[in-house]
Amino acid sequence: MATPLVVNIIELLRRPGTIKDIDASIAVADFDFAVEQIIDVVIPVTVRLESLSNGVAVTGRATAQWQGVCRRCLGHINSELIVEFAEMYQVVLQDPDAFAIEQDQVSLLPMVRENILLAVPLAPTCREDCPGLCGQCGADLSEGSCSCETTAPDPRWAVLDTLRENLTKDS
Ligand SMILES: [Zn+2]
Ligand SMILES: [Zn+2]
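Since the model is a prediction, treat every value here as computed from it, not as a measurement.

Bound to the zinc ion (ligand 2) are the protein donor atoms Cys 134 (SG), Cys 137 (SG), Cys 146 (SG) and Cys 148 (SG), situated 2.2 to 2.3 Å from the metal. In this structure, the zinc ion (ligand 2) is coordinated by 4 donor atoms arranged in tetrahedral fashion, with angles at the metal of 107 to 113°. Coordination of the zinc ion (ligand 2) draws on donor residues from a single chain, spaced C-x2-C-x8-C-x1-C in sequence. You can see Cys 137 sitting in the loop between α3 (109–119) and α4 (155–170) and its partner Cys 148 sitting in the loop between α3 and α4, a full 11 residues away along the chain.

Structure follows, in structure tokens:
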């Protein structure tokens, strides 16, 4: 399968310091993500390969449209993942995190795939201060407060509140 993310690097390895840039649009199906969150049809990937004395440094970014469910209000989230990566490829693996150079080729797809999957939020929220749902009536509090909140506060707490106010005044 010919893919722009399998790169022959014979020339790069010959001359350390050589740079090769790749701009590609990769079909989501090629990544075989096995998660439902990534909804793009194609994922643009830009990569820069730079040969060093001990391998090839790969930096770049991928952008993917992503969807999920807010863990607080259960609302739908549609967002963009911008995934930046910096990895090493080595013929002789010295760095434990490095990827292997096999048959003078680097295979970038598994590395980009791994980085995209790591960037998918595990417990997403639609926004940082999402108030979520009311624990009593289930109303979406981002659309306004519900009637549960108008119940009078327990008078015992009012005493504590007054105490706390006095303390903050003194300090
Ligand atoms: Zn939310
Ligand atoms: Zn409520």
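In this structure the tally under the stated criterion is 4 salt bridges. Residue Asp 21 is joined to Arg 48 by a salt bridge in which the shortest nitrogen-to-oxygen separation is 2.8 Å. Of the two residues, Asp 21 sits in strand β2 (residues 19–27) while Arg 48 sits in strand β3 (residues 42–52), which places them 27 residues apart along the sequence. The class for Arg 48 is partly exposed, based on a relative accessible area of 38%. Arg 127 serves as the salt-bridge partner of Asp 129, at 2.8 Å between the closest nitrogen and oxygen.

With that out of the way, let us pick up the domain arrangement of the protein chain. When the domains of the protein chain are assigned, the result is domain 1 (6–119) and domain 2 (141–170). Computed from C-alpha coordinates alone, the two centres of domain 1 and domain 2 are separated by 51 Å.

Here we take up the side chain of Asp 40. Tracing the backbone through its elements, the reader meets Asp 40 in the loop between α2 (28–31) and β3. Notably, Asp 40 is buried but unbridged: the nearest opposite-charge side chain belongs to Arg 61, and the N-O separation is 12 Å. Polar contacts involving the side chain of Asp 40 include one to the main-chain amide nitrogen of Gln 65, which spans 3.1 Å.

In this section: the nonpolar core. Ranked by size, the top nonpolar core spans 37 residues in total, and within it Ile 43, Val 45, Leu 49 and Leu 108 carry the most contacts. With residues near it in sequence (within four places) discarded, Ile 43 still touches Ala 24, Ser 25, Ile 26, Val 28, Phe 31, Phe 33, Ile 38, Ala 62, Thr 63, Ala 64 and Ile 116.

Our focus in this paragraph is α3. When we look at burial in α3, the residues that qualify are Leu 109, Met 111, Val 112, Asn 115 and Ile 116. Mapping the buried residues of α3 onto a view down its axis gives an arc of 165°, with all of them on the same face.

Here we take up the coordination of the zinc ion (ligand 1). Geometrically, a metal with four donors at the corners of a regular tetrahedron has ideal angles of 109.5 degrees, and one with six donors at the corners of a regular octahedron has ideal angles of 90 or 180 degrees. Surrounding the zinc ion (ligand 1) are the protein donor atoms Cys 70 (SG), Cys 73 (SG), Cys 126 (SG) and Cys 130 (SG), at 2.3 Å. Bound by 4 donor atoms, the zinc ion (ligand 1) shows angles of 104 to 114° at the metal and therefore tetrahedral coordination geometry. Sequence spacing of the donors to the zinc ion (ligand 1): C-x2-C-x52-C-x3-C. With Cys 70 in the loop between β4 (55–69) and β5 (76–90) and Cys 126 in the loop between α3 and α4, the pair connects residues that are 56 residues apart, well separated along the chain. By relative accessible area, which is 34% here, Cys 126 ends up partly exposed.

About the thresholds
- Residues take numbers from 1 onward in each chain, read along the sequence in its written order.
- Chains and ligands are labelled by the order in which they are written, letters from A for the one and numbers from 1 for the other.
- Only residues with pLDDT of 70 or above have their local features reported here, since the model is predicted, and side-chain atom pairs are shown and tallied only from 80 upward, although totals for entire chains, interfaces and linings are computed over all residues.
- The side-chain values count all of the structure's non-hydrogen atoms but skip hydrogen atoms and water molecules.
- Metal donors were taken as nitrogen, oxygen and sulfur atoms no farther than 2.8 Å from the ion, or 3.2 Å where the ion is Na, K or Ca. Water is excluded, so coordination may look unfinished.
- Angle rules define the geometry names used: all angles between 85 and 135 degrees makes four donors tetrahedral, while opposite donors over 155 degrees apart and all other angles between 65 and 115 make four donors square planar and six octahedral, leaving every other case irregular.
- Strands are runs of DSSP state E lasting at least 2 residues, helices are runs of H or I lasting at least 4, and numbering of each runs from the N terminus.
- Here, a salt bridge means any Lys or Arg side-chain nitrogen found within 4 Å of an Asp or Glu carboxyl oxygen.
- Burial here depends on accessible area, computed with a 1.4 Å probe over protein chains only, as a share of the maximum for the residue type. Under 20% is buried, over 50% is exposed, and the range in between is partly exposed.
- Throughout the structure description, domain borders are defined by an automatic or database domain assignment.
- Here Asp and Glu are counted as negative and Lys and Arg as positive; His is not counted, and neither are the chain ends.
- Throughout this description, a polar contact denotes any pair of N or O atoms lying within 3.5 Å of each other; where both atoms belong to protein, one of them has to be capable of donating a hydrogen while the other can accept it, and for residues adjacent in sequence the pair is counted only when both atoms sit in side chains.
- Residues grouped as a nonpolar core are buried Ala, Val, Leu, Ile, Met, Phe, Trp, Tyr and Cys residues, joined through side-chain atoms within 4.5 Å.
- Residues are treated as being in contact if the distance between any of their heavy atoms lies within 4.5 Å.
- By arc we mean the arc of the directions from the helix axis to the C-beta atoms, nothing more.

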